[in-house]
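If you want the building blocks of each chain, they are given just below.
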Amino acid sequence: FLRLYRETGKKKFRRKARKFVKQLERLESDGCPNVVPMCCLLRAEVAALSHKTARSEVSRLFTVAVDSARTSGFMLLEALSYERAAQHFARSPDTMEMAKIWFVSGVRCYRKWEAEGKVVHFVRFMPFSFQSSQTDTASLSQVLAD
């Protein structure tokens, strides 16, 4: 629903997404540890959609999502959190360097998970080039070549 809201701007999708997040948060508050990483990721996603949320707060929430997934042992959610953060920050030229840092971490995590098909997909659909970047181009190339 969050993707549909971002693409269409229709508030009904945002309402449905918030309802889903609230259901997961209820499970989290009831003590279900398996939903904690997903709740953290969804909180970051919701914050990323809000134009009122500061860039630093969105980054912090994605970092919390990554840490929560790593601590819980959910490598897929850890990689997905990196990917979603990279995609979010790649939407603005001002945060492109930040997006590339998240991107590199996501590629490494997907590789650790041995999801090469996902790495190929992730690389293909990122909206930036690694040429003429302030980010260390050699390290980006190395990550992609590994």
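Look a little higher up for the structure.
So, here is what we can say about the structure in this document. (Residues numbered from 1 in each chain as written. Predicted model: local features only at pLDDT ≥ 70, side-chain atom pairs only at ≥ 80, totals over all residues. Heavy atoms only, no water.)

Quick look at the side chain of E45
Line of reasoning, step 1. With respect to the helices, strands and loops of the structure, E45 is situated in helix α3 (residues 36–49).
Line of reasoning, step 2. The exposure class of E45 is buried, given its relative accessible area of 9%.
Line of reasoning, step 3. In this view, E45 contacts L2, R6, F62 and R84; residues no more than four positions away in its chain are not counted. (Helix = DSSP H or I, 4+ residues; strand = E, 2+ residues; numbered from the N terminus. Buried < 20%, exposed > 50% of the residue type's maximum accessible area, 1.4 Å probe, protein only. Contact = heavy atoms within 4.5 Å.)

Description of the packing of aromatic side chains
Line of reasoning, step 1. The tally for this structure, following the rule as stated, stands at 5 aromatic pairs.
Line of reasoning, step 2. Ring centres of F62 and W102 lie 6.2 Å apart, and the angle between their planes is 65°; this geometry places the pair in the edge-to-face category. Of the two residues, F62 sits in helix α4 (residues 55–72) while W102 sits in helix α6 (residues 96–112), which places them 40 residues apart along the sequence. W102 shares its class with F62; the two are buried.
Line of reasoning, step 3. Aromatic side chains Y82 and W102 sit 5.9 Å apart centroid to centroid with 55° between the ring planes, which places their arrangement in the tilted category. With Y82 in helix α5 (residues 75–89) and W102 in helix α6, this pair connects stretches of sequence that are 20 residues apart.
Line of reasoning, step 4. You can call W102 buried: its relative accessible area is 9%.
Line of reasoning, step 5. One aromatic cluster is present, formed by F62, Y82, F89 and W102 through successive ring pairs. (Phe/Tyr/Trp six-rings, centres within 6.5 Å; stacked < 30°, edge-to-face > 60°.)

Brief notes about the packing of α5 against α6
Line of reasoning, step 1. One way to put it is that α5 packs onto α6 with a least axis distance of 8 Å and a crossing angle of 155°. Between α5 and α6, the angle falls in the class roughly antiparallel. Our pair here, α5 against α6, has a crossing hand that is left-handed. The segment α5 lies against α6, with M75, E78, A79, L80, Y82, E83, A85, A86 and F89 engaging M96, M98, A99, W102, F103, S105, G106, C109, Y110 and K112.
Line of reasoning, step 2. Of the residues belonging to the contact of α5 with α6, the class tally is 14 nonpolar, 2 polar and 3 charged. (Axes fitted to C-alpha atoms, helices over the stretch in contact; angles between N-to-C directions. Parallel < 35°, antiparallel > 145°, perpendicular 65-115°, else oblique. Left-handed = near helix turned anticlockwise from the far one by under 90°. Nonpolar A, V, L, I, M, F, W, Y, C, P; charged D, E, K, R; others polar.)

Points about empty space enclosed by the protein
Any space left empty among the atoms is revealed by the rolling of a water-sized probe across them.
Line of reasoning, step 1. By the definition in use, this model includes 1 cavity of 30 Å³ or more.
Line of reasoning, step 2. Size it by volume and the largest cavity reaches roughly 30 Å³.
Line of reasoning, step 3. Surrounding the largest cavity, L2, R14, R18, V46 and L49 form its lining.
Line of reasoning, step 4. By residue class, the composition of the lining of the largest cavity is 3 nonpolar, no polar and 2 charged. (1 Å grid on protein atoms, 1.4 Å probe; cavity = no way out; pocket = protein on both sides within 12 Å on 5 of 7 lines; lining within 4 Å. Points joined across faces, edges and corners; volume = space filled by probe spheres on them.)

Re the pattern of salt bridges
Two side chains bearing opposite charge may form a pair once their charged atoms approach each other closely.
Line of reasoning, step 1. Under the definition given, this model contains 8 salt bridges.
Line of reasoning, step 2. Among the salt bridges present, the one from E25 reaches R43, with a minimum N-O distance of 3.1 Å. In this pair, E25 sits in helix α2 (residues 11–29) while R43 sits in helix α3, placing the two residues 18 residues apart along the sequence.
Line of reasoning, step 3. When its relative accessible area of 28% is taken as the criterion, E25 is described as partly exposed. (Salt bridge = Lys/Arg side-chain N within 4 Å of Asp/Glu carboxyl O.)

With respect to α5
Line of reasoning, step 1. Taking 1.5 Å of rise per residue, the 15 residues of α5 would be expected to cover 21 Å, and the 21 Å separating its terminal C-alpha atoms lies within 8% of that figure.
Line of reasoning, step 2. Taken together, the buried positions of α5 are occupied by L77, E78, A79, S81, Y82, E83, R84, A85, A86, H88 and F89.
Line of reasoning, step 3. Against the buried residues of α5 lie α1 (2–8), α3, α4, α6 and α7 (116–124). (Expected span 1.5 Å × (residues − 1).)

Quick notes on a positive patch on the surface
Line of reasoning, step 1. A cluster of like positive charges, contributed by K10, K11, K12, R15, K16 and K19, occupies part of the molecular surface.
Line of reasoning, step 2. Mapped onto the elements of the fold, K19 is located in helix α2.
Line of reasoning, step 3. The exposed category is assigned to K19, whose relative accessible area is 56%. (Patch = residues over 30% accessible without salt bridge, like charges linked within 9 Å, V, L, I, M, F, W, Y side chains within 5 Å. Areas by Shrake-Rupley, 256 points an atom, 1.4 Å probe, with all protein chains shown as cover. Lys, Arg positive; Asp, Glu negative; His and termini not counted. Charge placed at Lys NZ, Arg CZ, Asp CG, Glu CD.)

Nothing here speaks to function; it is all geometry.
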